[in-house]
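# Topology and contacts: notes
Chain by chain, the residues run as shown.
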Amino acid sequence: MSSEELALFGGTKAVATEQGDLFTWPIITQEDEEAALDVLRKGAMSGIEVTEQFEADFRDWLGMDYALGFNNGTNALLAAMYGCGVGVGDEIICPSITYWASCTSAYSLGATVVFADIDPVTLCMDPKDIERCISERTKAIVVVHYVGHPAAMDEIMAIANKYQVKVIEDVSHAHGGIYKGKKLGTIGHVAGMSMMSGKALAVGEAGMLVTRDREIYERAIALGHYERYDQRIETKSLQPFIELPLGGYKFRMHQLSSAVGRVQLRHYDARHEQISLAMNYFWDLLEDVPGLRAHRPEKGSGIYMGGWYAARGHYVPEELGGLSITRFTEAVRAEGVEDCYPGCNIPLHTHLLNKTADVYSHGKPTRIATSHRDVRQLDSRLPVTEGISARLFTIPWFKHFRKSEIEQYANAYRKAALNYERLLESDQGNPSLLGGWNMFAKLKKKEA
Ligand SMILES: *Cc1c(COP(=O)(O)O)cnc(C)c1O
């Protein structure tokens, strides 16, 4: 079957059926609609009573002491940094392969970012590269469970404890993931996560901060939740200033999001199980194909993918005669997998924002405006980060475990890989830039 002619050269497409609702997300039912209408009819779009219920649900779901709702994940992560005491002249460590919101708002706190390399297998921060990045000004490590894969939390927590720095988990890609019996977001000192409608736990524009640390929680409140910054605050250093938000920010969640969030969370574990069954089945089907490797934890490791947001596969061109990822993904798209593209997020350290931009009028680049060293010089030692885009491709994000449909998609990848010699004849190689933070829009525009 796999020796069939590639669709790129006039053969029959591997994906024959209409996709229907195979990828539709989030799944919206009457329950969501009624929850949203209830908020509208009560005129409760602002306020926090629904949000507080959502927070209680979320706390129970993760088994945490505190959950604080935000208008988005970006601000939940900013508040997590402030909660950890990140301030002027401080450094945070973050992978360069992530969405910018994992770290960029550190600049607004007067802090800077040191980028650590990633592990080529997990695609998450490489614990072995953290000590190179640490200085006496390091306050926190932001760990991203990248495209659903849990980071090496045991190793990272050990280093953080050794140097007395906080760990912030960015769970925006990996809701529901498990690391050795612990849910992602419950292992570090605090976690922040997005729940915007493209993510696995898709609520609308929304974010959540969770922690067991009362002081971190209260500092996060003080930064941008003035309606809660009141007599209930226990942290001594915050008490004299209660009433106005210390950051001058307003971060509360829109209650249409909170209401939909309660419904989505109620169904999340069951839907997530379907996604996991489907995605694992897809990878099982490709296990024997040269050049392609699953990006998922090993069976028996006690580590499980969360969410499978923007999931990727590893590409090993050495096993396919050096075929470029660009040509490979083109062949897969021709088989009927519309969203198969090379790469992942363009490394953050290569963006001008992290090189030369003077955002806050310091008279020098923001990245080094308040730091005791030029942290940009550390960017030259990120070899895995810089080469990774030529070794990754996107895979479909199935929302239902439908074997025969998944088999068609898997066959598209199988056909392209097994016919690599034919593809090599017309391989133009890779362009100088692969990937993007808004990859699909960018690449599609290029093609048009
Ligand atoms: C989406 C995302 C965020 C930001 O969340 P928003 O809700 O869009 O503000 C942060 N970190 C990562 C890794 C993300 O993918």
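What comes next is a walk through the structure. (Residues numbered from 1 in each chain as written. Predicted model: local features only at pLDDT ≥ 70, side-chain atom pairs only at ≥ 80, totals over all residues. Heavy atoms only, no water.)

### Topic: a nonpolar patch on the surface
A surface patch of nonpolar side chains, amounting to about 230 Å² of accessible area, comprises L37, L40 and M45. With respect to the helices, strands and loops of the structure, L37 is situated in helix α1 (residues 30-42). (Patch = residues over 30% accessible without salt bridge, like charges linked within 9 Å, V, L, I, M, F, W, Y side chains within 5 Å. Areas by Shrake-Rupley, 256 points an atom, 1.4 Å probe, with all protein chains shown as cover. Salt bridge = Lys/Arg side-chain N within 4 Å of Asp/Glu carboxyl O. Helix = DSSP H or I, 4+ residues; strand = E, 2+ residues; numbered from the N terminus.)

### Structural notes on the site of the ligand
Near the ligand you find 15 residues, and of these T74, D170, H173, S194 and K199 are the closest. A distance of 2.8 Å separates an oxygen atom of the ligand from a polar backbone atom of G73. Separating an oxygen atom of the ligand from a side-chain N or O atom of S194 is a distance of 2.6 Å. Looking at the shell around the ligand residue by residue, the class counts come to 5 nonpolar, 8 polar and 2 charged. (Near = heavy atom within 4 Å. Polar contact = N/O pair within 3.5 Å; in protein donor to acceptor, adjacent residues only side chain to side chain. Nonpolar A, V, L, I, M, F, W, Y, C, P; charged D, E, K, R; others polar.)

### Here's the deal with the environment of S432
By the element assignment, S432 lies in the loop between α11 (420-424) and α12 (439-447). The exposed category is assigned to S432, whose relative accessible area is 84%. With 109 residues separating them in the primary sequence, S432 and L323 have C-alpha atoms 16 Å apart. (Buried < 20%, exposed > 50% of the residue type's maximum accessible area, 1.4 Å probe, protein only.)

### Here we look at the sheet that holds strand β6 (residues 178-179)
In space, the 3 strands of this open sheet follow the order β7-β6-β11, with antiparallel pairing throughout. Whereas interior strands pair on both sides, the edge strands pair on one side only; in this sheet they are β7 (182-183) and β11 (303-304). The pairing of β6 with β11 spans 2 bridges and is classified as antiparallel. Opposite I178, over in β11, you have Y304 as the bridge partner. (Pairing = 2+ DSSP bridges.)

### Comments concerning the packing of helix α2 (residues 49-62) against helix α7 (residues 255-285)
Running from amino to carboxyl end, α2 crosses α7 at an angle of 25°, the nearest separation of the two axes being 8 Å. Compared by their axis directions, α2 and α7 come out roughly parallel. The handedness of the crossing between α2 and α7 is left-handed. Two secondary-structure elements touch here, α2 through E49, V50, T51, Q53, F54, D57, F58 and W61 and α7 through Q255, S258, A259, G261, R262, L265, Y268 and D269. When grouped by side-chain class, the residues that make up the contact of α2 with α7 number 7 nonpolar, 5 polar and 4 charged. (Axes fitted to C-alpha atoms, helices over the stretch in contact; angles between N-to-C directions. Parallel < 35°, antiparallel > 145°, perpendicular 65-115°, else oblique. Left-handed = near helix turned anticlockwise from the far one by under 90°. Contact = heavy atoms within 4.5 Å.)

### Overview of the packing of helix α8 (residues 325-334) against helix α10 (residues 403-418)
Running from N to C, α8 and α10 point in directions that differ by 135°, and their axes come no closer than 9 Å. Classed by the angle they form, the pair α8 and α10 counts as oblique. Remark: the crossing between α8 and α10 carries right-handed chirality. Seen from α8, the contacting residues are F328, A331 and V332; seen from α10, they are A412, Y413, A416 and A417.

### Looking at α8
Each full turn of the α-helix corresponds to 3.6 residues, which orients residues three or four apart in the same direction. Burial analysis of α8 places 7 of its 10 residues in the buried class, the great majority of the element. A positive phi of about 110° marks G336, the residue just after α8.

### Re the packing of aromatic side chains
Scanning the entire structure with this criterion turns up 21 aromatic pairs. For the pair F70 and F251, a centre-to-centre distance of 5.8 Å together with 45° between the ring planes defines the contact as tilted. Of this pair, F70 sits in strand β1 (residues 66-70) while F251 sits in the loop between α6 (214-224) and α7, and the two are 181 residues apart along the sequence. The exposure classification of F70 matches that of F251, with both residues buried. Both rings, one in Y281 and one in F401, keep their centres 5.8 Å apart while their planes meet at 75°; by these two values the pair is edge-to-face. Here F401 lies in the loop between β13 (392-394) and α10 and Y281 lies in helix α7, a separation of 120 residues in the sequence. According to the relative accessible area criterion, Y281 is buried, its value standing at 17%. Taken together, F23, F282, W283, Y315, F328, F393, F398, Y409 and Y413 form an aromatic cluster joined through their ring pairs. Over the ring of Y82 we find R219, and its NZ or CZ is 4.2 Å from the ring centre. (Phe/Tyr/Trp six-rings, centres within 6.5 Å; stacked < 30°, edge-to-face > 60°. Lys NZ or Arg CZ within 6 Å of the ring centre and 35° of its normal.)

### A few points about the nonpolar core
Ranked by internal contacts, the top residues of the largest apolar core, which has 95 residues, are F58, I141, F282, F328 and Y413. Considering each element in turn, this core owes the most residues, 8 residues, to α7. Ranked by size, the runner-up nonpolar core spans 39 residues in total, among them L109, L209, I233 and L382. (Core = buried A, V, L, I, M, F, W, Y, C linked by side-chain atoms within 4.5 Å.)

### Looking at the sheet that holds β13
Overall, antiparallel pairing links the 3 strands, which are arranged β10-β12-β13 in an open sheet. Lying at the two open borders of the sheet, with one neighbouring strand each, are β10 (292-294) and β13. Neighbour to neighbour, the strand axes of the sheet diverge by 40° on average, direction disregarded. As judged from the 3 bridges shared by β10 and strand β12 (residues 312-315), these two strands associate in the antiparallel manner.

### Here's the deal with the side chain of H272
Within the fold, H272 resides in helix α7. Relative accessible area serves as the criterion here: at 8%, H272 is assigned to the buried category. At a separation of 2.8 Å, a polar atom in the side chain of H272 contacts the main-chain amide nitrogen of G307. Each residue touching H272, except ones within four places of it in the same chain, is listed here: H175, G176, M305, G306 and G307.

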